[in-house]
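As a plain string of letters, each chain reads:
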Amino acid sequence: MGSPVWISHRGFCQDHEENSAQAFRAACAIGFEHLETDLRTTADGHIVLAHDPTMERLTGTTHTIESSPRTLLEKMSLRGGEKLLFFDQFLQEFAGLDWIFDIKPESALRTIDALLPWWEMPEYQDFFQHRVRFLFWDKAHQAHLLRSKPAARCMARMEQCRRAAVAGVLGLPRWSSIEPGVTYALPVRYKGVELLRPAVLARYRQRSARVMGYLPATDAEARRALAAGVDEILTDGRKLA
């Protein structure tokens, strides 16, 4: 088994605001080639890279992304001075990297429908087919994408990850419903139980699935994930040597 893939969670945010162009550039500068971001859609149909449904945490305002037009949102400055990044801007600079798109549920159907025209453009077909994986929070939203794009690569949803994790710890493979080729996110611990253990990961490997170490809080936790043999690590920090 080769070295795990390190994935930057919302970009390198120590000196820049999350999901901003500056945070993604900083992640690239320290060696990340695979990143994660969050997608939402504005009131007038523009995709924007943002985690929260409102702008309160990032700007101190109470504007909701899904009910605000792009012209309003792009005037706002984030707390670090950066601007929100819109999908057309994102593609111009970052389509050469690998990505996880976390499709936020509040506007998931509109976000999917807004993505599809980009997918049809010849210059971005390879990007969507080979460089993007999707994370959904609702089975119906995932199904909506797969009806149009059955080859879209989707990660295990949160409830699938939890069910598989509990079944893996208890040694109940029939309950896990682990799907081959799908990536499952596992924290180091869940409700005090150590999940990232070689014996647990072996059950995923038996079904040809992949395991992501989900946001280790410390370097020590990241090293435990590495020692367990994860395939990927999603991190808020730097890569470990």
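In what follows, the structure referred to is the one given above.
These notes cover the structure that comes with them.

The rules behind the values
- Residues numbered from 1 in each chain as written.
- Predicted model: local features only at pLDDT ≥ 70, side-chain atom pairs only at ≥ 80, totals over all residues.
- Heavy atoms only, no water.
- 1 Å grid on protein atoms, 1.4 Å probe; cavity = no way out; pocket = protein on both sides within 12 Å on 5 of 7 lines; lining within 4 Å.
- Points joined across faces, edges and corners; volume = space filled by probe spheres on them.
- Helix = DSSP H or I, 4+ residues; strand = E, 2+ residues; numbered from the N terminus.
- Nonpolar A, V, L, I, M, F, W, Y, C, P; charged D, E, K, R; others polar.
- Buried < 20%, exposed > 50% of the residue type's maximum accessible area, 1.4 Å probe, protein only.
- Pairing = 2+ DSSP bridges.

1. Remarks on the layout of surface pockets
Here the largest pocket is characterised by a volume of approximately 230 Å³. Lining the largest pocket are 21 residues, with Asp102, Leu135, Trp137, Tyr214 and Leu234 positioned closest to its centre. For the lining of the largest pocket, the secondary structure elements donating two or more residues are strand S2 (34-41), strand S5 (98-103), helix H8 (158-170), strand S7 (183-186) and strand S10 (210-214). The greatest single-element share of the lining of the largest pocket, amounting to three residues, is contributed by S7. Classifying every residue of the lining of the largest pocket by side-chain character gives 13 nonpolar, three polar and five charged. The space that makes up the second largest pocket amounts to roughly 160 Å³. What lines the second largest pocket is a set of 13 residues, and nearest its centre among them are Arg153, Cys154, Met155, Gly181 and Val182. Partitioning the lining of the second largest pocket into residue classes produces five nonpolar, four polar and four charged.

2. Remarks on the pairing of S5
Successive residues of a regular strand alternate their side chains across the two faces of the sheet. Among the six residues of S5, five are classified as buried, and the element is accordingly described as predominantly covered. As defined by bridge partners, S2 adjoins S5 across six bridges and the pair is classed as parallel. Following the sheet pairing, Glu36 is matched in S5 by Ile100. In this structure, S5 lies alongside strand S6 (residues 132-135), joined through four bridges in parallel fashion.

3. Points about empty space enclosed by the protein
Under the definition given, this model contains one cavity of 30 Å³ or more. Approximately 30 Å³ is the volume found for the largest cavity. What lines the largest cavity is simply Glu18, Asn19, Leu49, Ala50, Leu58, Leu78, Leu84 and Leu85.

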